[in-house]
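Chain by chain, the residues run as shown.
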Amino acid sequence: MVRYVGLLAVSLVLAACGSSVKLDTPPVEDRSGTAVGKDGAQGNQSGANSNAVASGSVTKVELGNASQDAFLKSATRLVYFDYDSYTVRAEFQPVIEAHAKFLKANPTRKIALEGHTDERGGREYNLALGQRRAEAVRRALGVLGVSDSQMEAVSFGKEKPADMGSTEEAMAKNRRVEINYR
């Protein structure tokens, strides 16, 4: 009887430790041509577009060293966010697409996605928000076909401001993700 009571107590403790809380994920639009399920797995897509992808008719992009250097020097490496948000704005989708194209053509290149926030809020909150911003960009790149092994998402919170001012314009410059190649 004591064993059954003990087993019941352990079962109740373990059941209480479980969580059904879903993590919020920002919306990411799939523009890669393949269907992406809720779990991130690629699925089959019906129609002519999936046949074109499956048959290999997608043109591979080859960039020489000169083209790589030119891209790395000229490409925008900043994605800005709205106040207290980690949703990638539509105006930065071309930036993400350009980096995804480059990373897919150069599978040995790796990037660090550094999330930043403005000065408002506590240290822990801003570290978490910066991480969510970096993860949002990482997921957007992943949907476009970039390998997870090429990306690392880190947060600096409010510790490395781009602009030391306290105006709204200065704080808007601090709400960003920097894409840094290694």
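Summary of the structure given here. Here the structure is a predicted model, which is why all the values come from computation and not from measurement. (Residues numbered from 1 in each chain as written. Predicted model: local features only at pLDDT ≥ 70, side-chain atom pairs only at ≥ 80, totals over all residues. Heavy atoms only, no water.)

### Here we look at the overall build of the protein chain
Broken down by element type, the protein chain carries 6 helices and 6 strands. Listing each helix as α and each strand as β along the protein chain from the N terminus yields α-β-β-α-α-β-α-β-α-β-α-β. Considering only intrachain contacts with a sequence separation of at least 6, the fraction spanning at least 24 residues in the protein chain is 73%. Just so you have it, the protein chain exposes about 11500 Å², and 55% of that area is on carbon and sulfur atoms. (Helix = DSSP H or I, 4+ residues; strand = E, 2+ residues; numbered from the N terminus. Contact = heavy atoms within 4.5 Å. Areas by Shrake-Rupley, 256 points an atom, 1.4 Å probe, with all protein chains shown as cover.)

### Remarks on a nonpolar patch on the surface
Taken together, the side chains of Met 1, Tyr 4 and Val 5 define a hydrophobic patch exposed on the protein surface, amounting to about 430 Å² of accessible area. Of note, Met 1 is situated in the segment before helix 1 (2-17). Given a relative accessible area of 76%, Met 1 falls into the exposed group. (Patch = residues over 30% accessible without salt bridge, like charges linked within 9 Å, V, L, I, M, F, W, Y side chains within 5 Å. Salt bridge = Lys/Arg side-chain N within 4 Å of Asp/Glu carboxyl O. Buried < 20%, exposed > 50% of the residue type's maximum accessible area, 1.4 Å probe, protein only.)

### Thoughts on helix 5 (residues 123-143)
A rise of 1.5 Å per residue sets the reference length of helix 5, with its 21 residues, at 30 Å; its end C-alpha atoms lie 30 Å apart and thus fit the reference within 8%. Among the residues of helix 5, Asn 126, Leu 129, Gly 130, Arg 133, Ala 134, Ala 136, Val 137, Arg 138, Ala 140, Leu 141 and Val 143 are the ones counted as buried. Where helix 5 is buried, its residues touch strand 3 (78-80), helix 4 (93-105), strand 4 (111-116), strand 5 (151-157) and strand 6 (176-181). Following helix 5 by one or two positions, Gly 145 has its phi on the positive side, about 105°. (Expected span 1.5 Å × (residues − 1).)

### Some remarks on unusual backbone geometry
For Asp 84, which is not a glycine, the phi torsion comes out positive at approximately 55°. In this fold, Asp 84 is placed in the loop between strand 3 and helix 4.

### Comments concerning the nonpolar core
The biggest cluster of nonpolar side chains holds 24 residues, and the ones touching the most others in it are Val 79, Ile 111, Leu 113, Val 137 and Leu 141. Mapped onto this core, the elements with two or more residues apiece are helix 4, strand 4, helix 5, strand 5 and strand 6. Those residues in contact with Ile 111 that sit more than four places away from it in its chain are Leu 103, Leu 141, Gln 150, Met 151, Glu 152, Ile 179, Asn 180, Tyr 181 and Arg 182. (Core = buried A, V, L, I, M, F, W, Y, C linked by side-chain atoms within 4.5 Å.)

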